[in-house]
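So the chains spell out like this:
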Amino acid sequence: MGMKPSAFIIEGLDRLGKSSLIQGIIKHFGYHHIIHYSKPIKTSVYENDFQYQYKSFQYGFDLLKQPKIPVIFDRFHLGETVYSNIYRGYDGGYVFNLESDYSAHKMENVKMILLTSSNLSFQKDDGDSFDWSKRAEEQQRFVNAFNKSVMPNKIMVDVHDGNGGY
């Protein structure tokens with residue numbers, strides 16, 4: 001692929017270096033809007049987490065279809081397949097239908113990066129994770145979602161240095 005990406009999707013567990021990677025992307029490629037996806041916000045506009053999340057991902061894909069808008073998603077739709085199944089009580093697999101609806105397989109301008117670690121033991125719990133004991137399961141779900149995604153320009157990076165650190 002010779003096209004310079006205009007958009008990035010950075011996925012993975014907490015504390016694997018997503019924020020550091022985003023800063024590096026900006027230093028290398030220049031300014032990008034940063035959109036951070038976190039857990040659903042309770043609001044009276046939507047009846048439940050699913051409706052909130054669904055709408056948010058539609059808007060995100062709308063942005064990705066605009067190749068001239070430089071944007072970085074700090075987490076995006078793959079996390080929905082991980083966290084909705086474990087913590088929200090519904091199947092997040094619908095995001096793959098959104099990929100199809102938005103022709104994600106043609107989004108050559110988007111670079112999706114999944115950060116993983118072959119050794120999770122060197123990380124420290126900062127208290128912000130859903131359930132620190134489920135990190136291995138969450139990571140495997142991220143890998144499964146990454147492999148299922150039709151995004152054409154994607155890479156998985158193991159951030160463990162082989163010596164007990166980054």
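Our structure's up above, just so we're on the same page.
How each quantity is defined
- Residues numbered from 1 in each chain as written.
- Predicted model: local features only at pLDDT ≥ 70, side-chain atom pairs only at ≥ 80, totals over all residues.
- Heavy atoms only, no water.
- Helix = DSSP H or I, 4+ residues; strand = E, 2+ residues; numbered from the N terminus.
- Buried < 20%, exposed > 50% of the residue type's maximum accessible area, 1.4 Å probe, protein only.
- Areas by Shrake-Rupley, 256 points an atom, 1.4 Å probe, with all protein chains shown as cover.
- Pairing = 2+ DSSP bridges.
- Axes fitted to C-alpha atoms, helices over the stretch in contact; angles between N-to-C directions.
- Polar contact = N/O pair within 3.5 Å; in protein donor to acceptor, adjacent residues only side chain to side chain.
- Phe/Tyr/Trp six-rings, centres within 6.5 Å; stacked < 30°, edge-to-face > 60°.
- Expected span 1.5 Å × (residues − 1).
- Arc of directions from axis to C-beta.
- Contact = heavy atoms within 4.5 Å.

Participant: Give me the lowdown on the overall build of the chain, citing residues and values where you can.
Facilitator: The helix and strand inventory of the chain stands at five helices and five strands. The linear arrangement of helices and strands in the chain, starting from the amino end, is β-α-β-α-β-α-α-β-α-β. Per-residue burial for the chain yields a buried fraction of 45% across its 166 residues. As displayed, the chain offers around 8700 Å² of accessible surface, 50% of which is attributable to carbon and sulfur atoms.

Participant: Can you tell me about the sheet that holds strand β5 (residues 154-158), naming the residues and giving the values?
Facilitator: Here five strands make up an open sheet; going across it, the order is β2-β3-β1-β4-β5 and the pairing parallel. Strands with a single pairing partner mark the edges of an open sheet, and in this sheet they are β2 (33-36) and β5. Ignoring strand direction, the axes of neighbouring strands in this sheet form an average angle of 20°. Examined bridge by bridge, β2 and strand β3 (residues 71-74) share four bridges and lie parallel to one another.

Participant: Before we move on, can you summarise the side chain of N153 with the specific residues and values?
Facilitator: Position of N153 relative to the elements: it lies in the loop between α5 (135-148) and β5. A polar contact of 3.3 Å, which involves the side chain of N153, links it to the side chain of K111.

Participant: Now, about the packing of aromatic side chains: what can you tell me, with residues and values included?
Facilitator: As enumerated under the stated definition, the model contains 15 aromatic pairs in all. Geometrically, the ring pair formed by Y83 and F142 is edge-to-face, given 5.8 Å between the ring centres and 75° between the ring planes. Placement of the pair is Y83 in helix α3 (residues 78-88) and F142 in helix α5, with a sequence separation of 59 residues. By relative accessible area, which is 7% here, Y83 ends up buried.

Participant: Talk me through α5; I want residue IDs and the actual numbers.
Facilitator: Between its first and last C-alpha, α5 extends 20 Å over 14 residues, near the 20 Å set by a 1.5 Å rise per residue. Looking at α5, one finds that the buried residues are R135, E138, Q139, F142, V143, A145 and F146. What you see down the axis of α5 is that its buried residues fit within an arc of 165°, all on one side. In α5, the exposed positions that point more than 90 degrees away from the buried face belong to A136, N147 and K148. Packed against the buried residues of α5 are β1 (7-12), α3, α4 (94-101), β4 (110-116) and β5.

Participant: Provide a residue-level description of α4, including the pertinent values.
Facilitator: Those residues of α4 that sit buried are Y94, V95, F96, L98 and E99. Of the surrounding secondary structure, the elements contacted by the buried residues of α4 are α2 (49-64), α3 and α5. Two residues or fewer past α4, S103 is found with a positive phi of approximately 50°.

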